[in-house]
Amino acid sequence: MTPALSQFRRVVLKVGSALLVDRARSRLNHAWLAALAEDVADLHGRGVDVLVVSSGAIALGRTVLGFGSGSLRLEESQAAAAVGQIALARIWSEMLAHHAITAGQILVTLADTEERRRYLNARATLTKLLELRAVPVVNENDTVATSEIRYGDNDRLAARVATMIGADLLVLFSDVDGLYTAPPASDPDARHVPSVERITPAIEAMAGGAASALSRGGMRTKIEAGKIATAGGTHMLIADGRPKNPLRQVAEGARCTWFLTPSSPATARKTWIAGALEPRGTLLVDEGAARALRGGASLLPVGVTALSGDFARGDSVLLRDPHGGIVGRGLVAYDAEDAARVIGRSSREIEQILGNAGRSEMIHRDDLVLALG
C-alpha cells in the first residue's frame, strides 16, 4: 500500500528547468505553471505547508541575455542566473498571488545545508515563512556557486531542504512517470516500479548504477535524493510533471514511484540527536526545569543553573538535573559564551543582555531527546 497525498502536512515540490521553460520557444511555460500554482493553492488551502524548489534561473536568464543554445562558461552561467533569478522570483510571486498566497525567495549554497550555523539560520528562516503561511521558493544561488561548492542538481538540493524543515513528503516532478527496471526508451521489457521500500544496489542499478556519468542529472540523482530524504524520515515520489496540474494527476491515480521510509521526520531527527552527535558540553538544570522537560517543554535560560564545555550554537549538549542524573541531550541555541550570560535569566531579558533578541529557548523541545527511564 502506498500513502495518499492527503495524509501529508508539509510538502516540498521540486520543479526542473525542462518543465518550467519551453526551450524550443525560449519562453516560460505560463499555462503549465499556472496549473501547478493551482495545485499549490489546493494544498495550501487545506492547511498544508508547501515549499517549492525551483530551477529555471539560468534557462530564463540566458534567453534574456541572448546567449545561444550551446554550453555556457562559468561566468556566463552566473550572469544568466543573476538575471534569471529576478524573473523567476517575479513569476512565482505573481502566480501564487493569484491565489492570495505570498511567495518568499530563498537562495542557498551548499554551505547553507552542510555548515551547522548556516543550516540553523536557513532552517529558522524557512520555518518562520511557513509559520506565516508563505510559500518559500528555493533555488541554488548560481550567481556565486562554482563547481566545487555546488549541489550540482536540484534533486539533491530539494532532499536536503526537505529534511532540513522536517517535510514528510518530497515530490520530484520529472519527464518520466517514475523508476523503471531499465531505461524504457531503449528496453521494451522495462517495467515500472510503483514503490521502493529500501534503496538497494539493485535499485541503484536501475537508475544507471551508483557512479554512471551517463545518468548524471537524470534518474541517478533522483535515487540519491531518495537516500537523503528517506534517511531523514521523508517519503519521496517521482511523478511525471509534464501534464497540467501534475499533483492533482497523482492524487487521482496517475502512475508514479513512491520511495517509502519507515520513520518520520521527527523520529529520524531525534534518533540523529540521540546517537549521531557527540555532546560538546553540559547544562545543569534546576528541579523545575527537569520536571518541565520531562513533561514535553522546551528548556528556557531561567531553568539553567550552570554550564560547562566549549560549545557553539547548534552543538549537542547533555542536560543534567541537580543530582547529576542525565535528563537528556539537545541542540543548544547559544554559543557557550552567550549562554553563560543568560542562564538563570528570564527570556525577556535576553535582548538587553546580549544586544539582540536571540532565541527565547536555550533548547527547543523539537531539538531535545529525553533520557530513557
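Draft legend 1. Focus on the side chain of Ser298. Topologically, Ser298 is positioned in the loop between helix H12 (287-294) and strand S14 (304-309). Only 2.9 Å separates the side chain of Ser298 from the backbone nitrogen of Arg365, close enough to count as a polar contact. Residues in contact with Ser298, not counting those within four places in the same chain, are Leu293, Glu361, Ile363, His364 and Arg365.

Draft legend 2. Looking closely at unusual backbone geometry. We note that Arg133 has phi near 65 degrees; this positive angle belongs to a residue other than glycine. Since its relative accessible area comes to 28%, Arg133 is described here as partly exposed.

Draft legend 3. Geometry of the sheet that holds strand S11 (residues 235-240). Pairing is mixed across the open sheet formed by eight strands, whose spatial order is S5-S6-S4-S1-S7-S11-S12-S10. Strands with a single pairing partner mark the edges of an open sheet, and in this sheet they are strand S5 (103-108) and strand S10 (195-196). Packed onto the sheet, helix H2 (residues 30-45) meets strand S1 (10-15), strand S4 (49-54), strand S6 (135-140) and strand S7 (169-174) and runs at close to 170 degrees relative to S1.

Draft legend 4. Region of interest: the sheet that holds strand S15 (residues 316-320). In space, the five strands of this open sheet follow the order S14-S13-S15-S16-S17, with mixed pairing throughout. The open sheet is flanked by S14 and strand S17 (368-370), the only strands paired with a single partner. Recorded for the sheet is a direction-independent mean angle of 20 degrees between the axes of neighbouring strands. In this fold helix H11 (residues 265-275) packs onto strand S16 (326-331) and S17, with an angle of close to 110 degrees to the strand it touches most, S16.

Draft legend 5. Local environment of helix H4 (residues 74-97). A rise of 1.5 Å per residue sets the reference length of H4, with its 24 residues, at 34 Å; its end C-alpha atoms lie 34 Å apart and thus fit the reference within 8%. Largest kink in H4: about 30 degrees, centred on Gly84.

Draft legend 6. The arrangement of the confidence of the model for the protein chain in detail. With 94% of its residues at a pLDDT of 70 or more, the protein chain shows a mean pLDDT of 88. The low-confidence segment residues 209-216, where pLDDT is below 50, has 11 contacts with residues more than four positions distant or belonging to other chains.

Draft legend 7. Representation of the packing of helix H3 (residues 57-65) against H4 within the structure. At their nearest, the axes of H3 and H4 sit 6 Å apart, and the two run at 105 degrees to each other. The pairing of H3 with H4 is recorded here as roughly perpendicular in orientation. Contact residues: H3 offers Ala57, Ile58, Leu60, Gly61, Arg62, Val64 and Leu65, while H4 offers Ser77, Ala79, Ala80, Ala81, Val83, Gly84, Gln85, Ala87, Leu88 and Ile91. Here the residues of the contact of H3 with H4 sort into 12 nonpolar, four polar and one charged.

Draft legend 8. Expanded view of the pattern of salt bridges. Counting across every chain of the model gives 20 salt bridges. The salt bridge involving Arg73 is made with Glu75; its shortest N-O contact spans 3.3 Å. The exposure class assigned to Arg73 is exposed, which follows from its relative accessible area of 52%. The exposure class of Glu75 is partly exposed, given its relative accessible area of 47%. Residue Asp338 pairs with Arg341 through a salt bridge whose shortest N-O separation is 3.8 Å. Of this pair, Asp338 and Arg341 are both found in helix H13 (residues 336-342), three residues apart, which corresponds to roughly one turn of the helix.

What counts and how
Residues numbered from 1 in each chain as written. Predicted model: local features only at pLDDT ≥ 70, side-chain atom pairs only at ≥ 80, totals over all residues. Heavy atoms only, no water. Helix = DSSP H or I, 4+ residues; strand = E, 2+ residues; numbered from the N terminus. Polar contact = N/O pair within 3.5 Å; in protein donor to acceptor, adjacent residues only side chain to side chain. Contact = heavy atoms within 4.5 Å. Buried < 20%, exposed > 50% of the residue type's maximum accessible area, 1.4 Å probe, protein only. Pairing = 2+ DSSP bridges. Axes fitted to C-alpha atoms, helices over the stretch in contact; angles between N-to-C directions. Expected span 1.5 Å × (residues − 1). Bend = angle between axes of the 7 residues up to and from the residue. pLDDT = per-residue confidence, 0-100. Parallel < 35°, antiparallel > 145°, perpendicular 65-115°, else oblique. Nonpolar A, V, L, I, M, F, W, Y, C, P; charged D, E, K, R; others polar. Salt bridge = Lys/Arg side-chain N within 4 Å of Asp/Glu carboxyl O.

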